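Residue strings, one per chain:
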Amino acid sequence: MSGKSKPKVAVWKFASCDGCQLSLLDCEDELLALTEEIEIANFPEASRAVVKGPYDLSLVEGSITTPDDLSRIQEIRRLSKTLVTIGACATAGGIQALRNFKDIHEFVSIVYASPEFISTLDQSTPISSHIKVDFELRGCPVSKAQLVEVISAYLNQRTPNTPAHSTCVECKRRGTVCVMVAKGTMCLGPVTHAGCDALCPTYNRGCYGCFGPQENPNTISLGDRLREQGADSAEVVRAFRSFNAGAEAFLKESERHEKENQKH
Amino acid sequence: MNKPGVIDREGLNRLIQTLIGRGYQVVGPTVRDEAIVYDNVFSIEDLPAGWTDEQEGGTYRLKKRSDDALFGYTLGPHSWKRFLHPPERRLWQAQKDSLDFDIVPEQPDNTKYAFLGMRSCELHAIAIQDKVFIQSPHTDLHYQSLRQNALFVAVNCGQAGNTCFCVSMQTGPKVEAGYDLVLTEILDDSHHSFLIEAGSEAGKNILEEVKAGPAGAGEIKKAEEIVTNTAKQMGRAMETGNIKELLYENLEHPAWGEIAERCLSCANCTMVCPTCFCSTVEDVTDVAGDHAERWQKWDSCFTMDFSSIHGGAVRNSTQSRYRQWMTHKLASWQDQFDTSGCVGCGRCITWCPVGIDLTREVAVIRESTTCQEENFSGSEAQNENS
Ligand code: SF4
Ligand code: SF4
Ligand code: SF4
């Protein structure tokens, strides 16, 4: 791409653990090729230097949890031609969306010596609840292969290959034996968006749902089946309440089992 | 006719060594992750001695047998499809030079596979995939190459699984065609042997090298009894009379909506089915945009992308997707390929996480329609019976 100026790419952080940014740093082999094609204008995990906007591509990690976040995300959107959210925090509110089920002010008064200095919102919300997002990349953390794929697709002006079907498809392509059918292990794979290449089932664990709901998630049927296989309602609530607790299909299903749990 | 011979466990090991010696990659049943899967086999030590499986809708359990049978299981989650029609395969690569780009097609794979332990339904499934990939206007050269090189060592089933219904589909349990060699495992307190028969020139040739002993009338009879017994153990049955018309006439049946409440749209059924052949292609580029590749990957009519055209997916309800799957398997497959798309292996029942059972769903539709018709045809049916 010599002659042309390189697209300016910025990485932004909101409420998150930085794991998704680290996935980008982890792309050792591709990182060099990437820096040939793009100018990294802001990347908190890699460098303090910030190049002034506007930006061609912004990658946003993290969820909105403070009043300051609310205005900062508007500013980033204003400065970005294309904006992609990366990871479960940015796309669904993250593990910190567990606060949405409780009273945050109670936590604050227990945890902090001087709660009056803490300014926070009641809810942890995905970026798309506040601004227009051009593409959402799922995962907790995102898969580095998919992250490189999204950036390559952007640079080559094509659609990224990040299929929204179930994790089961990846299990079957790999030849992994289904842990749910062969062992009765609790698995969220049938309702979970692909992307990890069925990492957990391949290592004999049920899927934890890191990539959030698949395109057509029948969480009610899966929830019923998990109960039939012996999980109690509290376990099903916990299964649906992790990194993607705030994603609508998972949220509704955890509430359904929570109601049932309260009945007992 | 080829005369059957008899080999013992050592003889079976000789068969494996002979195949390896002739350049075959031998793939057969082996235990991994609490299931019997197909993987490379180097000696009889790799076979699942003393293991069996218990299956129900949505449940599979590997269990110990009371004997040392090597083929004493029914079917696992894998089918031979993963070798002949692999889940992911590069179709071509493209490389950019200063002015233009070059396309480098992938060469057909010429691995020589020998599949060991193939069941009758599985041979039928491959015959169906042959129609799709070879006997069609668009031959899949990769499949064709692997298929032509492959050698099939079948086994007559010594027991049927709880989700099997090959008798209904007329695809088993006796191995009748399409094999190079067929074994029947004979096991009692005093001895463990295998009746072996060749079904092709290649099979005959290999059998000569393996040096089987002559089969006695007793052994031949015993082998016959084994497979006759298996036929009586089918865990499932499906009435196939007029099934095409039945499904075509019931495209709006309430059963589809009821199934959709349970169906997860997870695609497991299509992935495990030995005849399902659909795939998608993914085009990828490197970051610099100098190199591109096209990959073929197993796809399923249960994904949204599968029916996506400009403007969105055509089948965006689970109901329409399940209906598509089942009516294709059992009805429109007949129009398309002149055969059923189902061989009654039962994998889609066992490996469906919620145990949706196509034999039951067909029966539900059939019963509801015969109930409606009973008033008119009841007397006729009685006449036929008398
Ligand atoms: S292990 Fe989980 S993700 Fe894999 S096929 Fe089974 S249910 Fe689906
Ligand atoms: S439809 Fe089901 S029973 Fe029939 S061949 Fe496919 S997996 Fe086997
Ligand atoms: S029928 Fe079963 S295996 Fe098939 S898509 Fe539905 S839930 Fe999944």
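Residues numbered from 1 in each chain as written. Chains lettered and ligands numbered in written order. Predicted model: local features only at pLDDT ≥ 70, side-chain atom pairs only at ≥ 80, totals over all residues. Heavy atoms only, no water.

A. Structural context of the overall build of chain A. Helix and strand content of chain A: 12 helices and five strands. The globule rule puts the C-alpha radius of gyration for 264 residues at 18 Å, and the 20 Å found for chain A is close to it. Viewed in the frame of its principal axes, chain A has a C-alpha envelope of about 65 × 55 × 25 Å. Burial statistics for chain A: of 264 residues in total, 53% are counted as buried. Long-range pairs, those at least 24 residues apart, make up 72% of the contacts in chain A between residues at least 6 apart in sequence. Carbon and sulfur atoms make up 53% of the accessible area of chain A, which totals about 12000 Å². The average position of the 29 basic charges and that of the 33 acidic charges among the side chains of chain A differ by 3 Å. (Helix = DSSP H or I, 4+ residues; strand = E, 2+ residues; numbered from the N terminus. Rg over C-alpha atoms; globule rule 2.2 N^0.38 Å. Buried < 20%, exposed > 50% of the residue type's maximum accessible area, 1.4 Å probe, protein only. Contact = heavy atoms within 4.5 Å. Areas by Shrake-Rupley, 256 points an atom, 1.4 Å probe, with all protein chains shown as cover. Lys, Arg positive; Asp, Glu negative; His and termini not counted. Charge placed at Lys NZ, Arg CZ, Asp CG, Glu CD.)

B. Examining a nonpolar patch on the surface more closely. Residues and elements named next belong to chain A. A cluster of nonpolar side chains, contributed by F107, I110, V111, Y112 and I118, occupies part of the molecular surface with about 500 Å² of accessible area. Of note, Y112 is situated in the loop between α5 (104–111) and β5 (135–137). Under the relative-accessibility criterion, Y112 is labelled partly exposed at 44%. (Patch = residues over 30% accessible without salt bridge, like charges linked within 9 Å, V, L, I, M, F, W, Y side chains within 5 Å. Salt bridge = Lys/Arg side-chain N within 4 Å of Asp/Glu carboxyl O.)

C. Representation of unusual backbone geometry within the structure. All names here are of chain A. A cis amide bond, omega 0 degrees, links G53 with the succeeding residue P54. Backbone torsion omega between C140 and P141 reads -5 degrees, so that peptide bond is classified as cis. One can find P141 in the loop between β5 and α6 (144–155). In the Ramachandran plot, D197 falls in the positive-phi region, its phi being about 60 degrees despite a non-glycine side chain.

D. Broad picture of the site of ligand 3. What surrounds ligand 3 is a group of 13 residues, the closest being C263, L264, C266, C269 and C352 of chain B. Put simply, ligand 3 lies in the largest cavity. (Near = heavy atom within 4 Å. 1 Å grid on protein atoms, 1.4 Å probe; cavity = no way out; pocket = protein on both sides within 12 Å on 5 of 7 lines; lining within 4 Å. Sits in = over half its atoms within 2 Å of the grid points.)

E. Up close: the state of the cysteines. Residue and element names in this part refer to chain B. Counting across every chain of the model gives zero disulfides over all chains. Free of any disulfide, C301 has its nearest neighbouring cysteine sulfur in C276, separated by 6.2 Å. Accessibility expressed as a relative area gives 10% for C301, which makes it buried. (Disulfide = S-S within 2.5 Å.)

F. Representation of the domain arrangement of chain A in the model. All names here are of chain A. Taken as a whole, chain A is organised into domain 1 (8–155) and domain 2 (167–263). Inter-centroid distance (C-alpha atoms) of domain 1 to domain 2 is 25 Å. Taken together, the 13 residues of domain 1 in the interface contact 16 residues of domain 2. Buried surface at the junction of domain 1 and domain 2, summed over both partners, amounts to about 1100 Å²; 64% is from carbon and sulfur atoms. Its largest share of buried area at the contact with domain 2, domain 1 owes to F101, R138 and C140, together 48% of the area lost on that side. For the pair domain 1 and domain 2, the interface holds zero salt bridges. Inspection of the region where domain 1 meets domain 2 yields three residue pairs in polar contact (both at pLDDT 80 or more). (Domains from an automatic or database assignment. Buried area = accessible area lost by both parts, 1.4 Å probe. Polar contact = N/O pair within 3.5 Å; in protein donor to acceptor, adjacent residues only side chain to side chain.)

G. Main features of the site of ligand 1. Surrounding ligand 1, one finds C168, C171, K172, C178, V179, M180, C187, G189, P190 and P201 of chain A together with N268 of chain B. With respect to ligand 1, the chains having nearby residues are chains A and B. Broken down by element, the shell around ligand 1 gets its largest block of residues, three residues, from helix α7 (residues 167–174) of chain A. Of the residues in the shell around ligand 1, the class split is eight nonpolar, two polar and one charged. (Nonpolar A, V, L, I, M, F, W, Y, C, P; charged D, E, K, R; others polar.)

H. View of the sheet that holds strand β14 (residues 291–298) of chain B. Residues and elements named next belong to chain B. Pairing in this open sheet of four strands is antiparallel, and the strands run β7-β6-β14-β13 from one edge to the other. Two strands bound the open sheet, and with one partner strand each, they are β7 (101–105) and β13 (279–285). This sheet shows a mean twist of 20 degrees between the axes of neighbouring strands, independent of strand direction. (Pairing = 2+ DSSP bridges. Axes fitted to C-alpha atoms, helices over the stretch in contact; angles between N-to-C directions.)

I. Spatial organisation of the interface of chain A and chain B. Across the boundary between the two partners, chain A contributes 37 residues, which contact 48 residues of chain B. Summing both partners gives a buried area of about 3200 Å² for chain A against chain B, and 51% of it is carried by carbon and sulfur. Per-residue buried area on chain A facing chain B is highest for K172, R173 and V181 of chain A; these three make up 23% of the total on that side. Counting every contact that joins chain A to chain B gives 27 residue pairs in polar contact (both at pLDDT 80 or more). Within the residue set of the side of chain A that touches chain B, elements represented by two or more residues are α2 (28–37), α6, α7, α8 (179–183) and α10 (219–228) of chain A. Counting residues per element, the side of chain A that touches chain B draws most heavily on α7 of chain A, at five residues. Looking at the side of chain A that touches chain B residue by residue, the class counts come to 14 nonpolar, 14 polar and nine charged.

J. Expanded view of the side chain of S265 of chain B. Take S265 of chain B: it is sitting in the loop between α9 (254–262) and α10 (268–272). On the basis of relative accessible area, S265 of chain B is assigned to the buried category, the value being 4%. A distance of 3.0 Å separates polar atoms of two side chains, one belonging to S265 of chain B and the other to N216 of chain A. Among all residues touching S265 of chain B, those that are not within four sequence positions of it are Q214 and N216 of chain A together with F302, T318 and R321 of chain B.

K. Main features of the nonpolar core. Residue and element names in this part refer to chain B. If you look at the biggest cluster of nonpolar residues, it comprises 87 residues, and the most contacted ones within it are L12, F71, L183, W325, M326 and L330. The element contributing the most residues to this core is helix α11 (residues 318–337), with five residues. Setting aside its immediate chain neighbours within four residues, F71 contacts L12, P29, L47, L116, G117, R119, V155, L183, E185 and F194. Among the nonpolar cores identified, the runner-up in size contains 29 residues, and L123, V132, Y143 and W333 belong to it. (Core = buried A, V, L, I, M, F, W, Y, C linked by side-chain atoms within 4.5 Å.)

L. Layout of the confidence of the model for chain B. Residue and element names in this part refer to chain B. Averaged over all residues, the pLDDT of chain B is 94; the fraction at 70 or higher stands at 96%. Overall, residues 375–386 carries pLDDT values under 50, and its contacts beyond four positions in sequence, including any with other chains, amount to zero contacts. The ipTM value of the predicted complex is 0.94, and its pTM value is 0.94. (pLDDT = per-residue confidence, 0-100.)

M. Spotlight on the packing of aromatic side chains. Within the structure shown, the criterion is met by 20 aromatic pairs over all chains. Plain terms: the ring middles of W12 of chain A and Y55 of chain A are 5.3 Å apart, the flat faces sit at 75 degrees to each other, and that makes the pair edge-to-face. Separated by 43 residues along the polypeptide, W12 of chain A in strand β1 (residues 8–13) and Y55 of chain A in strand β3 (residues 55–61) bring together distant segments of the chain. On the basis of relative accessibility, which here comes to 4%, the residue Y55 of chain A falls in the buried class. The positively charged end of K112 of chain B is found above the aromatic ring belonging to Y24 of chain B, 4.5 Å away from the centroid. (Phe/Tyr/Trp six-rings, centres within 6.5 Å; stacked < 30°, edge-to-face > 60°. Lys NZ or Arg CZ within 6 Å of the ring centre and 35° of its normal.)

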